[in-house]
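Next come the chains, spelled out residue by residue.
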Amino acid sequence: MPSDTTIAAKPTATGAAAGLFTDDARTTRCAWCQATPFYRNYHDSEWGFPVADERRLFEKICLEGFQAGLSWLTILNKREAFRSAFANFDAEQVARFDEHDVKRLLGDAGIVRHAGKIASTINNARRVIELRREFGSLGAFVWRLEPGPAGRPERITQETVRTLSASPASAALSKDLKKRGWTFVGPTTLYAFMQAMGLVNDHLEGCASRQAALAARAAFTPPG
């Protein structure tokens, strides 16, 4: 779940429900998206919904790395600037970035100007290309690790989600990627990536988007 999850929930139509809030249109959502309409749109239409597109997957894994130590809303507000700065997260283009691009990125106030994270994004773009040679796509590599029902909590509540900052699947993915030379891919970062790209659905029980994300997953064919 995005890092800024401490927003207090207000009562829903059925009474107080931890981790949920209801807007003026009587739509109940996870409380972490309460801050702005932009954030709510991300929650309603993107977070937890399955993704196979290579650029979007690479974007998500990179932005989760940039998010470390910051709120996800900060990163989301800067996402268009990140896309412009990093060639819309086309791994082949980013892999060719050189010292002049690094200097340009460090001077770009629209993004998070962190030298280590910028270098990591360029490095990881090169690792994506290597990974594709073995698995065909980043999507095929990631989706093979989707946890089955036995590896997931029976109900997704606020209390449950508080214990899910990482998981056996995110730890395994982290270990594998680090062996392949990836950086800024710790288990917690990768669990947030898994949430964002729909490998797991952590919309809370009672959230209007939970069933929509489940339906999207049922209609989705994983790459591979």
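Just above, that's the structure.
Heads up: these notes are all about the structure in this document. (Residues numbered from 1 in each chain as written. Predicted model: local features only at pLDDT ≥ 70, side-chain atom pairs only at ≥ 80, totals over all residues. Heavy atoms only, no water.)

### Some thoughts on the side chain of T22
Inclusion rule: Think of it this way: any DSSP run of H or I at least four residues long counts as a helix, any run of E at least two long counts as a strand, and we number them from the N terminus. For this analysis, a polar contact is any N or O atom pair within 3.5 Å, provided that within protein one partner can donate a hydrogen and the other can accept it, and provided that sequence-adjacent residues contribute only side-chain to side-chain pairs.
Position of T22 among the secondary structure elements: in strand β1 (residues 20–22). A polar contact of 2.9 Å, which involves the side chain of T22, links it to the side chain of T28.

### Some details on the pattern of salt bridges
In a structure, side chains of opposite charge can pair up when their charged atoms sit close to one another. What counts here: What makes a salt bridge here is a side-chain nitrogen of Lys or Arg within 4 Å of a carboxyl oxygen of Asp or Glu, nothing more. Relative accessibility decides the category of a residue: with a 1.4 Å probe and only protein chains considered, values under 20% of the type maximum give buried, values over 50% give exposed, and everything between is partly exposed.
Per the counting criterion, the structure on display carries 19 salt bridges. Close ionic contact of R83 with E59 constitutes a salt bridge, the shortest N to O distance being 2.6 Å. Taken together, the residues span a long stretch of sequence, with R83 in helix α4 (residues 79–85) and E59 in helix α2 (residues 54–67) at a distance of 24 residues. Among the residues examined, E59 registers a relative accessible area of 1% and is labelled buried. Across the pair D176 and R144 runs a salt bridge, and its minimum N-O distance is 3.1 Å. Taken together, the residues span a long stretch of sequence, with D176 in helix α10 (residues 168–179) and R144 in the loop between α8 (138–143) and α9 (158–161) at a distance of 32 residues. Connected via shared salt-bridge partners are E46, R56, E59, K60, R79, E80 and R83.

### Notes on the nonpolar core
Applicable threshold: Buried Ala, Val, Leu, Ile, Met, Phe, Trp, Tyr and Cys residues that are joined via side-chain atoms within 4.5 Å together make up what is termed a nonpolar core. Only heavy atoms enter the contact rule, under which two residues are in contact if any of them lie within 4.5 Å.
Residues F58, I61, F82, F86 and L177 are the most contacted members of the largest nonpolar core, which totals 59 residues. For this core, the element with the highest residue contribution is α2, accounting for six residues. Look past the residues within four positions of L177 in its chain and what remains in contact with it is I61, L131, F141, W182, V185 and L190.

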